[in-house]
Protein chains: 4
Amino acid sequence: MLKGFNYPLTPKGESTLNPAPPWYYSADFLDIEFWAQPQAVAALLPPGLDPDRAANGRCNALFYDWQFSGDHDEYLDPARYQYREFFILVDALYQEKPVSYCPYIFVDNDAALARGWTQGYPKRLGQVFQTRYHAATGKAGPALAPGSRFAGSLTAGGQRVAEGVVTLREPITDPSRLSQRPVVNLLHQPRLAADRQDQPALHELVENVPHDVKIEQAWIGQGSLTLPVCRGEEISDLAPVRSGRGIRASMAYVVDDLKTLKDLRK
Amino acid sequence: MLKGFNYPLTPKGESTLNPAPPWYYSADFLDIEFWAQPQAVAALLPPGLDPDRAANGRCNALFYDWQFSGDHDEYLDPARYQYREFFILVDALYQEKPVSYCPYIFVDNDAALARGWTQGYPKRLGQVFQTRYHAATGKAGPALAPGSRFAGSLTAGGQRVAEGVVTLREPITDPSRLSQRPVVNLLHQPRLAADRQDQPALHELVENVPHDVKIEQAWIGQGSLTLPVCRGEEISDLAPVRSGRGIRASMAYVVDDLKTLKDLRK
Amino acid sequence: MLKGFNYPLTPKGESTLNPAPPWYYSADFLDIEFWAQPQAVAALLPPGLDPDRAANGRCNALFYDWQFSGDHDEYLDPARYQYREFFILVDALYQEKPVSYCPYIFVDNDAALARGWTQGYPKRLGQVFQTRYHAATGKAGPALAPGSRFAGSLTAGGQRVAEGVVTLREPITDPSRLSQRPVVNLLHQPRLAADRQDQPALHELVENVPHDVKIEQAWIGQGSLTLPVCRGEEISDLAPVRSGRGIRASMAYVVDDLKTLKDLRK
Amino acid sequence: MLKGFNYPLTPKGESTLNPAPPWYYSADFLDIEFWAQPQAVAALLPPGLDPDRAANGRCNALFYDWQFSGDHDEYLDPARYQYREFFILVDALYQEKPVSYCPYIFVDNDAALARGWTQGYPKRLGQVFQTRYHAATGKAGPALAPGSRFAGSLTAGGQRVAEGVVTLREPITDPSRLSQRPVVNLLHQPRLAADRQDQPALHELVENVPHDVKIEQAWIGQGSLTLPVCRGEEISDLAPVRSGRGIRASMAYVVDDLKTLKDLRK
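From a predicted model like this one, the values you see are computed outputs, not experimental measurements. Going along each chain's sequence as written, the residues are numbered from 1 onward. Following the order in which they are written, the chains are lettered starting with A and the ligands numbered starting with 1. Predicted model: local features are reported for residues with pLDDT of at least 70 only, side-chain atom pairs are reported and counted for 80 or more only, and whole-chain, interface and lining totals are derived from all residues. Computation of side-chain values covers all heavy atoms of the structure but excludes hydrogens and water.

### Describing the pairing of strand 4 (residues 83-94) of chain C
Residue and element names in this part refer to chain C. Here the term buried applies to any residue with accessible area under 20% of the maximum for its type, exposed to any over 50%, and partly exposed to those in between, with areas from a 1.4 Å probe on protein chains only. The way it works is that DSSP assigns letters per residue, a run of H or I at least four long becomes a helix, a run of E at least two long becomes a strand, and they are numbered from the N terminus. The buried fraction of strand 4 amounts to 12 of the 12 residues, a majority that puts the element mostly inside the structure. Residues Y83, E85, F87, L89, D91 and L93 of strand 4 are buried on one face, and the alternating residues R84, F86, I88, V90, A92 and Y94, pointing to the opposite face, are buried as well. One ladder, built from 2 bridges, connects strand 2 (residues 50-51) with strand 4; its direction is antiparallel. Each bridged residue has a counterpart across the sheet, and for P51 the counterpart in strand 4 is A92. Pairing geometry for strand 3 (residues 58-69) and strand 4, over 8 bridges, is antiparallel. Paired with D65 across the two strands is R84, which belongs to strand 4. Note: two strands are recorded as paired if DSSP finds a minimum of 2 bridges between them. Relative to strand 5 (residues 97-107), strand 4 runs antiparallel, the two being bridged by 9 bridges. Within strand 5, the position partnered with F87 by the bridge is I105.

### What about the interface of chain B and chain D?
Contacts are assigned to residue pairs that have any heavy atoms within 4.5 Å of one another. Each side of the interface is counted separately: chain B has 41 residues, and chain D has 41 residues. Approximately 3,600 Å² of surface area, both sides summed, lies buried where chain B meets chain D, with 52% of it carried by carbon and sulfur atoms. Buried area: the accessible surface (1.4 Å probe) lost by two parts on joining, summed over both. Among the residues of chain B in contact with chain D, B:R132, B:K139 and B:A140 are the three that bury the most area, contributing 18% of the side total. Any Lys or Arg side-chain nitrogen found within 4 Å of a carboxyl oxygen on Asp or Glu counts as a salt bridge. Linking chain B with chain D are 8 salt bridges, by the criterion used here.

### Re the relation of the copies chain B and chain D
The two copies are related by a screw motion: chain B maps onto chain D through a turn of 180° and a shift of 0.0 Å along the axis, at an RMSD of 0.0 Å. The relationship between the two copies is best expressed as a two-fold rotation axis. Fitting of the copies onto one another was done by least squares over C-alpha atoms, counting residues only where both copies have pLDDT of at least 70.

### Looking at helix 3 (residues 110-119) of chain B
Residue and element names in this part refer to chain B. With respect to burial, helix 3 is a largely interior element, 10 of its 10 residues being buried. Of the positions making up helix 3, those classed as buried are D110, A111, A112, L113, A114, R115, G116, W117, T118 and Q119. Throughout this description, a polar contact denotes any pair of N or O atoms lying within 3.5 Å of each other; where both atoms belong to protein, one of them has to be capable of donating a hydrogen while the other can accept it, and for residues adjacent in sequence the pair is counted only when both atoms sit in side chains. For helix 3, the N-terminal capping position is held by N109, with its side-chain oxygen 2.9 Å away from the main-chain nitrogen of A111.

In structure tokens:
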């Protein structure tokens, strides 16, 4: 009996990219609200999702410094499991309900990439960095204080794909300002068989069902984002018309489930 | 209409990890034959494959410096598509027929990882290096000549997982010495839905169907391989009882198909 | 007039690896006390430093997640300036005075490597990771609480060179427990000229003079360290006979000076 | 007695970044001739070098896939010693004599960085890639034939700093077309001591003295280069006005000496 959740499957299940769920996460993150051309957002939506006209092209760009663990203290092997992530969420509607859809996401770790693909996050590899907060502050480590700035950047395929800055204004005291739309993804796995390349093995709308979400040390202020034009990349079609609020916070949550909304194959 | 073969799917299909097949490859490689404990090999085989008793634990360890292209000159963007690979093939039987099965494989590039998963290669990320041959030889660049040595190494999760050396003896004049068993893989994609985690989305025995295989500059000699014990890794269970012949050569081939032998789900 | 502190020197001084001092730093770190064979420590000391017999082989192993800045907001370009570090300090005497000497140090960033070489830190590149603390804790993010564990690891040249764990017991209330010996380094720059390869361009004992040191969130507990035997590496000659206390804290400081104690060239 | 050429110095001299010379090299490379604004070239020259008016801003951009060895088979540890490099040479005059000066150079390996600094090459880290030639050619591996294209790219600090392409036309039969000007560098090492930061420890014009240079498989054709504008980088001030011939070849040589032309400190 071979064991493992993702590849590879082996007798003891230790070599697998990921242990079976539940999966535990904690992070520091930057969240930058921005507005893209509404038609650029609409063009990215899979079947089953509709443009959210009222949102008028609203998106979020997020930089995460993640720590992951399964049930076997994987957080004590950070060389294998710690990672950094950048992704974009665009506002959309699923059966009239406001949701977010993730068209682009990049991580610097294979275990994270594998978990993402299992959830419909279309992950590629990238180099992601964000300014860190350390309890001992100074000119190199911004305090959690009005005017402090935190920057993030993404490089993929050797090109600078995204840059953002959050300038803090005040702590968030009203937790409703941190509420997010549910994330609906396109779970997709192609077929290589010559006669089935137009019949993907998986092609479903899925909804993420995170739980035990905790947010701490949340500050809000102004966001700023650029998505430079890069050869062979379409992400700059979402280049911000304008940026909105920026958030910097810490969070933790648990993933152990996924809900299929609709199988998109005929 | 969203386009792309692997994630992500986008309006123009440029951001995708990989263009649709055909996929073109060329490489320099090291191939080291070795014998593991037969029961360690048997323990790795998926349902549908049987131990090849006559092979007595025979395996191959391979280091590849790859160049990839689709139909749009992807070889001119080596930062995105060039990659290095280490993998192991173990001898097995499929319905009495001699085949190879790949239990472990590591690459340093996400496009390669995605293509691999589509073919049943259980790829993880690793740092892979091999000694290079340059037409201008010297003390840093071994000639293709008797006694020349070429080394390879793999690091994954920050641990040195494999090391090998090939010492050349003579050019291969009989091409039959380069023939390989067909590669049969376990194509696997798990389900995250809480009530279906024991029902993978994909779980099939598949056979690779490479074509237009060319091999050049092939030399044969002695191989040597070590698979050190690493925390959280099972690959050292295949640690060589003894090593056999080593090969160093260049090769090219095309991939555009995959044959499903058997759906392993009930 | 060319400008820049380190290489390269250019008309505007922007391409340089580092701006001129002052250099600002903040970090989270792990500090693990251990005892090596006293003769292994003594064998590493440069001329001018004497073994500290009373220390009996005492050393410290340190994992740092650093953020750096000069006077131009370099902390907002973390892809260029943020870095991770592992180093060892061994107890020694300089003219009877207790000091620390750094025989081994690894970073993952070139600006940090260049600054280090200017201070006599013998930096090489490595991949360094440590478990992170996030304000939102959970199974993936340990709290600052008794029993919490933080791990660190170093990989260099593809080999796992060091691993450590700190298990927290209590906050440090007495700041004297955080006091450190001054760090004395060997500032060294070789000469390549064929007739001067035995006459280094620089070969000096130097003392680091950090200032504005701040430490926050310091917890103390038990340390544990391993230095595995690696091919082509001598660091394992310091393999711990036993480990002592472990510390996890945040810190910030400023570097803008270096004191030459002694020119070691004849 | 501590041993080692570069940092760190240790009892057995194994941990050092580099063994003592001689240093052996072999490589595949791309060499792209281009013309920058002459005043941009002049602005980069250190004291002691004069603009070469007749060259009219002529430069070369070079992508190298290197293999290095010392006298102890270092080429068998490619994870530690193999590397990739991009650099620019600008035409200049030293005492009326035509020479090349290297203002910018990037490598992906610390041993290479350390050797470079010993020779006056102002190396930073970067990710460098070039299209490879494999003896087995195909759509992914261009042949050495008219019309074949080889591309190179450099990323540093997460930004795409340079891109080039060489299109082959014909083999080089006249070796004089491969002759190069001697390379004169600025050997520089700053002082961190607060009162000596304007008095570098090293500030010399030096001439490289490579020997046993071999070139094989040289093809010539057309070159093409771009140096995009990047934040915090001055290299784009050399952006090509036009590109000239391109070369692709293999080479090997030995380094064991350096000639000081002039100490530039008062």
